[in-house]
Amino acid sequence: MGRFILRRLGQGLLVVLGVSLVVFVAMRVFGDPAKVMLPLSATVEQRAEFEHLIGLDRPLPEQFVDFMGDLVTLDFGESLWQRRPAMTVVFERLPNTLMLIGAGLGFAILLALPLGAIAALRPGGVVDRITVIGGLIGLSTPQFWLGLLLIMLFAVNLRILPTSGIGTWQHLILPALTLALPSMARMVLLVRSQVIDELNQQYVKTARAKGMRFHTVLFSHALRNTLIPFITLAGWEVISALAGYTVVVESVFAWPGLGLTAIQAIQRNDLFLLQAIVFTVAIAIVLVNISLDIIYKFIDPRIKLA
C-alpha cells in the first residue's frame, strides 16, 4: 500500500507539473501579461517597467526556472486585485469551497444510496417511476436556474433563508442544495440501475433459494457490489465540483470560495491569482484520485494496487 501511494503521488506530481507548464506557456507565449494587466492608456515606459518588475524582459528559460522555484515555495506573486500574496487569498477562500462541496455532495451521497436501492426493489413501480422522473428532471435542470428558483422560493417568498453570502449555517443550505440535487440525480439513477442488475444475477437467486433473507442479500451483496461504480461517480462529482461546478453556484449565491474568486480574478485581469487557483485545484484533484484508489482497496480486497 505504501509503495502504491508513493507511486501515485509521483504520478500526481507529474500531472501538477504538467498543469503548471501549461499555465506558464499560456501566460507568456500565447498571451501578453503586460497588455492584460495594465490599462489601455499605459505608456511604453510603463509597460517596460512592469515587464521588468515581473521578470518578463528576461529570456524564457530563465523565467521558467524562476517559475518552478516559485512553485516549490508556493509563491505566485502578489494579487493585483487584492494587493496581497496570491496564495494567501487562495488559502482564505479554499475552506469555503471545501465546506460547500462537503455539505452538498455529502447530502447527495447519503440520500442517493437508499433512494436508488428502494427504487430498484420494484422496477416499473410507482416509487421507481417517481425516482426516474425526478432524476431526469435533476439532470436536465441548469444549476444557475435551480439556484435562482431556490432563492425565489425560500428567500424571497417564504423568507426563511438568506439569499446569499456566508456567515451562519443557514447561508449554506441553498448553495449546498443547488450543488447537491443534480449530483444526487446522477447517483440515484446509477444506484438504481446497478442494484437492478445485481438482483438479477445468478448468485442472488442462488442465495435466495438457499433461504438467505432478502435484506441480507440486498445489503451484504447487491449494494456492496454497487459501491465501486457509485464511489467512482461520487469521486467524479467531487472533481467536477472542484474543477468548475462550484463556479456557477458560488456566483449565484455570492459564496466567497475559489470559484467566485476565479471569476473575479478573470474580470480584474489578475493572472497571478488565477494561476494560484489553477495550481491549487490541480493538487486537490490529484489527491481525490489517489483517495479513490485507496477506498477501492478497502471496499474490495480483490483489487490489486499494482
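Each value, and the rule that gives it
- All residue numbers refer to position in the chain's written sequence, counted from 1.
- The model is predicted, so local features are restricted to residues of pLDDT at least 70 and side-chain atom pairs to those at 80 or more, both for listing and for counting; the totals for chains, interfaces and linings are taken over all residues.
- Side-chain metrics rest on all non-hydrogen atoms present in the structure, leaving aside hydrogens and water.
- By the criteria applied, helices consist of DSSP H or I runs no shorter than four residues and strands consist of E runs no shorter than two, each listed in order from the N terminus.
- Contact criterion: two residues are considered in contact whenever any of their non-hydrogen atoms come within 4.5 Å of each other.
- The convention used is that axes are lines fitted to C-alpha atoms, helices contributing only their stretch in contact, and that angles between N-to-C directions extend from 0 to 180 degrees.
- Oblique is the label for every angle not falling under 35 degrees (roughly parallel), over 145 degrees (roughly antiparallel), or within 65 to 115 degrees (roughly perpendicular).
- Definitions for this section: a left-handed crossing has its near helix turned counterclockwise from the far helix by less than a right angle. A right-handed crossing has that turn clockwise.
- Polarity classes work like this: nonpolar for Ala, Val, Leu, Ile, Met, Phe, Trp, Tyr, Cys and Pro, charged for Asp, Glu, Lys and Arg, and polar for all others, with Gly in that last group.
- Like-charged residues are merged into a patch within 9 Å and nonpolar side chains (Val, Leu, Ile, Met, Phe, Trp, Tyr) within 5 Å, provided each residue has over 30% relative accessible area and no salt bridge.
- Method for areas: the Shrake-Rupley scheme with a 1.4 Å probe, in which residue coverage is limited to the protein chains shown.
- Any carboxyl oxygen of Asp or Glu that lies within 4 Å of a side-chain nitrogen of Lys or Arg is treated as forming a salt bridge with it.
- Burial classification: accessible surface area is computed with a 1.4 Å probe over protein chains only, and a residue below 20% of its type maximum counts as buried, one above 50% as exposed, and the rest as partly exposed.
- Only buried residues count toward a nonpolar core. Its members are Ala, Val, Leu, Ile, Met, Phe, Trp, Tyr and Cys residues joined through side-chain atoms within 4.5 Å.
- Between the rings of Phe, Tyr and Trp (Trp by its six-membered ring), a pair exists once the centres lie within 6.5 Å; its type follows the angle of the planes, with under 30 degrees stacked, over 60 edge-to-face, and the other angles tilted.
- An expected span of 1.5 Å times one less than the residue number is assigned to each helix.
- Directions are taken from the helix axis to each C-beta atom, and the arc is the one they span.

K.L.:
For this particular structure, what's the right way to read the overall build of the protein?
P.N.:
Helices and strands together make up the secondary structure of the protein, namely 12 helices and zero strands. Mapped in sequence order, the helices and strands of the protein form the string α-α-α-α-α-α-α-α-α-α-α-α. In terms of principal-axis extent, the alpha carbons of the protein reach across some 85 × 55 × 30 Å. In the protein, the proportion of contacts linking residues at least 24 apart, taken out of those at least 6 apart, comes to 73%.

K.L.:
What am I meant to see in the packing of helix 6 (residues 126-140) against helix 8 (residues 170-199) here?
P.N.:
In a packed pair of helices, the relevant descriptors are the angle between the two axes and the axis-to-axis distance. Their axes nearest at 8 Å, the elements helix 6 and helix 8 cross at an angle of 140°. The orientation of helix 6 with respect to helix 8, classified from their angle, is oblique. For the element pair helix 6 and helix 8, the recorded crossing hand is left-handed. Where helix 6 approaches helix 8, its residues D128, T131, V132, G135, L136, G138 and L139 are matched on the opposing element by P182, A185, R186, V188, L189 and R192. Of the residues assigned to the contact of helix 6 with helix 8, the class counts are seven nonpolar, three polar and three charged.

K.L.:
What should I look at first to understand the packing of helix 5 (residues 86-121) against helix 11 (residues 258-267) in this one?
P.N.:
Interhelical geometry of helix 5 versus helix 11 gives an angle of 135° and a closest axis separation of 8 Å. Classed by the angle they form, the pair helix 5 and helix 11 counts as oblique. Counted together, V89, V90, R93, L94 and T97 of helix 5 and L258, G259, T261 and Q264 of helix 11 form the full contact between these two elements. Looking at side-chain class alone, the contact of helix 5 with helix 11 contains four nonpolar, four polar and one charged residues.

K.L.:
Can you walk me through a nonpolar patch on the surface in this structure?
P.N.:
On the surface, F144, W145, L148, L149 and V248 cluster together into a nonpolar patch covering about 470 Å² of accessible area. Considering each element in turn, the nonpolar patch owes the most residues, four residues, to helix 7 (residues 143-157). As for its position among the elements, F144 is in helix 7. The partly exposed category is assigned to F144, whose relative accessible area is 48%.

K.L.:
Just to check I follow, could you spell out the pattern of salt bridges for this structure?
P.N.:
When the charged atoms of two side chains lie near each other, side chains of opposite charge can form a pair. Tallied over the full model, the rule gives three salt bridges. The salt bridge partner of R84 is E92, with a shortest N-O separation of 2.7 Å. The salt bridge partner of E237 is R186, with a shortest N-O separation of 2.5 Å. Highlighted residues: E237 in helix 10 (residues 214-253) and R186 in helix 8, separated in sequence by 51 residues. A relative accessible area of 0% means that E237 is categorised as buried.

K.L.:
What should I look at first to understand the nonpolar core in this one?
P.N.:
Counting residues in each nonpolar core, the largest one holds 66 residues, and the members touching the most others are F76, V90, L100, M187, V195, L273 and I277. The residues touching V195, leaving out its near neighbours within four places in the chain, are A117, A120, L218, L223 and T226.

K.L.:
Mind showing me how you'd approach the packing of aromatic side chains here?
P.N.:
One pass over the structure, following the stated rule, counts one aromatic pair. On the basis of an interplanar angle of 50° and a centroid distance of 5.2 Å, the ring pair of F76 and F279 is categorised as tilted. A residue pair is termed long-range when its members are at least 10 positions apart, and F76 in the loop between helix 4 (60-72) and helix 5 and F279 in helix 12 (residues 271-299) qualify at 203 residues. Accessibility expressed as a relative area gives 10% for F279, which makes it buried.

K.L.:
How should the side chain of S183 be read in this particular structure?
P.N.:
By the element assignment, S183 lies in helix 8. Relative accessible area serves as the criterion here: at 1%, S183 is assigned to the buried category. For S183, the residues in contact, after removing those within four places along its chain, are L105, A108 and E237.

K.L.:
I tried to follow unusual backbone geometry on my own but got confused; where do I start?
P.N.:
Trans is the common state for peptide bonds, and a negative phi is the common state for residues other than glycine. The phi dihedral of R159 falls on the positive side, at around 55°, and the residue is not glycine. In this fold, R159 is placed in the loop between helix 7 and helix 8. Backbone geometry places A254, a non-glycine residue, at a positive phi of 50°.

K.L.:
Where do I start with the environment of T97 in this structure?
P.N.:
Structurally, T97 is set in helix 5. Take T97: its relative accessible area is 3%, and that puts it in the buried class. With 149 residues separating them along the chain, T97 and T246 place their C-alpha atoms 7.5 Å apart. Setting aside chain neighbours within four positions, we find T97 in contact with T246, E250, W255, G257, L258 and G259.

K.L.:
Whenever I open this one, the environment of I277 confuses me. Can you help?
P.N.:
Here I277 lies in helix 12. Excluding residues within four positions of it along the chain, I277 makes contact with V90, L258, T261 and A262.

K.L.:
When you look at helix 4 in this model, what are you seeing that I'm missing?
P.N.:
Residues three or four positions apart in an α-helix share a direction because the helix packs 3.6 residues into each turn. Look at helix 4: 19 Å from first C-alpha to last across 13 residues, which is about the 18 Å you get at 1.5 Å a residue. Looking at helix 4, one finds that the buried residues are Q63, F67 and L71. Seen along its axis, helix 4 keeps its buried residues to an arc of 80°; they face one direction. Away from its buried face, by an angle of more than 90 degrees, helix 4 presents the exposed residues P61, V65 and V72. Immediately downstream of helix 4, the backbone of L74 shows phi near 55°, a positive value.

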